[in-house]
Amino acid sequence: MSVLPLVFTSGWASGINAYAVVFLLGLMGATGVTDEVPASLERPDVLIVAGVLFLCEAVADKIPLVDSAWDAVHTVIRPVAGAVVAALLAGQDGSLPQLAAAAVGGSTALASHLVKAGTRIAVNTSPEPASNIVLSLAEDLGVSAIIVFALFHPLAAAIIAATLLVLGIITVVFLFSRIRRFLRRWKARREAKRLAAPAAPG
């Protein structure tokens, strides 16, 4: 139970930027800032891979439409990462608390990922790229700040993460008509391209 607030917060953050979560937790543990981080996240190879993927996400996440494609690819990756990080934080290999932590981390990551993906689809209905860049920077800074904060004040960080998650869900519900309109246009464009493609020789 004592690790549950950190598990929840890391799950929420993983749904937005899983690579940043792994990199920051590993870096904080490797530099001795905290002893809450499992050794497996502090390994140099894990830090290098997470750092490179974080840089890739930092670029892709700021380009209109590319960000939504990136989100689609990560619909499975982010919840899995949230579950794995949560299980590692809980420790006690194969125990019921570890499995429960994985479930909390994974489900929270899925919820925040869906909020992020839905919000980005709504933002992509606007032709200008500035909103994508501003939103992406806010997400990067927010995830970084709350993960570092959670290592020292886990309960307060969990409350903040839960509040942001609820506000995000409300925002997506409010923007649902815009999201549905975007998806309808995207589907129509795909259908038009399919019909316009030359038929393969029989």
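Whatever comes next refers back to the structure up there.
To keep things clear, this report deals only with the structure shown in the data block. Nothing here was measured: the structure is a model prediction, and the numbers come from that model.

### Description of the overall build of the protein chain
Helices and strands together make up the secondary structure of the protein chain, namely 7 helices and 0 strands. In sequence order, the secondary structure elements of the protein chain are arranged as α-α-α-α-α-α-α. Within the span of the protein chain, comprising 202 residues, buried residues form 43% of the whole. Sequence-distant contacts in the protein chain: of pairs separated by 6 or more residues, those separated by 24 or more amount to 72%. A total of about 10700 Å² of accessible surface is found on the protein chain, and carbon and sulfur atoms cover 75% of it.

### Quick notes on unusual backbone geometry
Backbone geometry places Leu 65, a non-glycine residue, at a positive phi of 75°. If you trace the backbone, Leu 65 turns up in the loop between helix 2 (44-60) and helix 3 (66-90). With relative accessibility at 46%, the residue Leu 65 sits in the partly exposed group.

### Overview of the nonpolar core
As a rule of thumb, soluble globular proteins bury nonpolar side chains together. In this structure, Trp 12, Val 21, Leu 25, Val 143 and Ile 147 are the most contacted members of the largest nonpolar core, which totals 33 residues. Of all elements in the fold, only helix 1 (4-30), helix 3, helix 4 (96-123), helix 5 (130-152) and helix 6 (154-174) reach the threshold of two or more residues within this core. The dominant element in this core, judged by the number of residues it contributes, is helix 1, at 11 residues. Val 143 has contacts with Ala 13, Ile 16, Asn 17, Ala 20 and Val 21, leaving out every residue within four places of it along the chain.

### A few points about the pattern of salt bridges
This model, assessed by the stated rule, comprises 10 salt bridges. Of the charged contacts in the structure, one is a salt bridge between Asp 67 and Arg 120, with a shortest N-O distance of 2.9 Å. Residue Asp 67 is found in helix 3, and its partner Arg 120 is found in helix 4; the two are separated by 53 residues along the sequence. With a shortest N-O distance of 3.6 Å, Lys 116 and Glu 139 are connected by a salt bridge. Taken together, the residues Lys 116 in helix 4 and Glu 139 in helix 5 connect sequence positions 23 residues apart. Considered together, Lys 116 and Glu 139 belong to a single accessibility category, that of buried residues. Members of the salt-bridge network, linked through shared partners, are Glu 57, Asp 61, Asp 67, Asp 71, Arg 78, Lys 116, Arg 120 and Glu 139.

### Section: the side chain of Lys 116
With a relative accessible area of 4%, Lys 116 lands in the buried category. Discounting residues that sit within four places of it in the chain, Lys 116 has contacts with Gly 15, Ile 16, Glu 57, Asp 61, Asp 71, Arg 78 and Glu 139.

### Quick word on helix 3
The first and last C-alpha atoms of helix 3 sit 35 Å apart over 25 residues, in line with the 36 Å expected at 1.5 Å per residue. Considering bend angle alone, the principal kink of helix 3 is centred on His 74 and spans about 55°. Gly 91 occupies a position one or two residues after helix 3 and carries a positive phi of about 70°.

### Things to note about a positive patch on the surface
Together, Arg 178, Arg 180, Arg 181, Arg 184 and Arg 185 make up a region of like positive charge exposed at the surface. Turning to its location among the elements, Arg 181 is positioned in helix 7 (residues 176-196).

### Considerations on helix 6
Counted at 1.5 Å a residue, the expected span for helix 6 with its 21 residues is 30 Å, and the 30 Å between its end C-alpha atoms agrees. For helix 6, the full list of buried residues reads Ala 157, Ala 158, Ala 161, Leu 165, Gly 168 and Val 172. Angular distribution of buried residues about the axis of helix 6 spans 100°; they occupy a single face of the element. Exposed and facing more than 90 degrees away from the buried side of helix 6 are Leu 155, Ile 159, Ile 170, Val 173 and Phe 174.

About the criteria used
Residues numbered from 1 in each chain as written. Predicted model: local features only at pLDDT ≥ 70, side-chain atom pairs only at ≥ 80, totals over all residues. Heavy atoms only, no water. Helix = DSSP H or I, 4+ residues; strand = E, 2+ residues; numbered from the N terminus. Buried < 20%, exposed > 50% of the residue type's maximum accessible area, 1.4 Å probe, protein only. Contact = heavy atoms within 4.5 Å. Areas by Shrake-Rupley, 256 points an atom, 1.4 Å probe, with all protein chains shown as cover. Core = buried A, V, L, I, M, F, W, Y, C linked by side-chain atoms within 4.5 Å. Salt bridge = Lys/Arg side-chain N within 4 Å of Asp/Glu carboxyl O. Expected span 1.5 Å × (residues − 1). Bend = angle between axes of the 7 residues up to and from the residue. Patch = residues over 30% accessible without salt bridge, like charges linked within 9 Å, V, L, I, M, F, W, Y side chains within 5 Å. Lys, Arg positive; Asp, Glu negative; His and termini not counted. Charge placed at Lys NZ, Arg CZ, Asp CG, Glu CD. Arc of directions from axis to C-beta.

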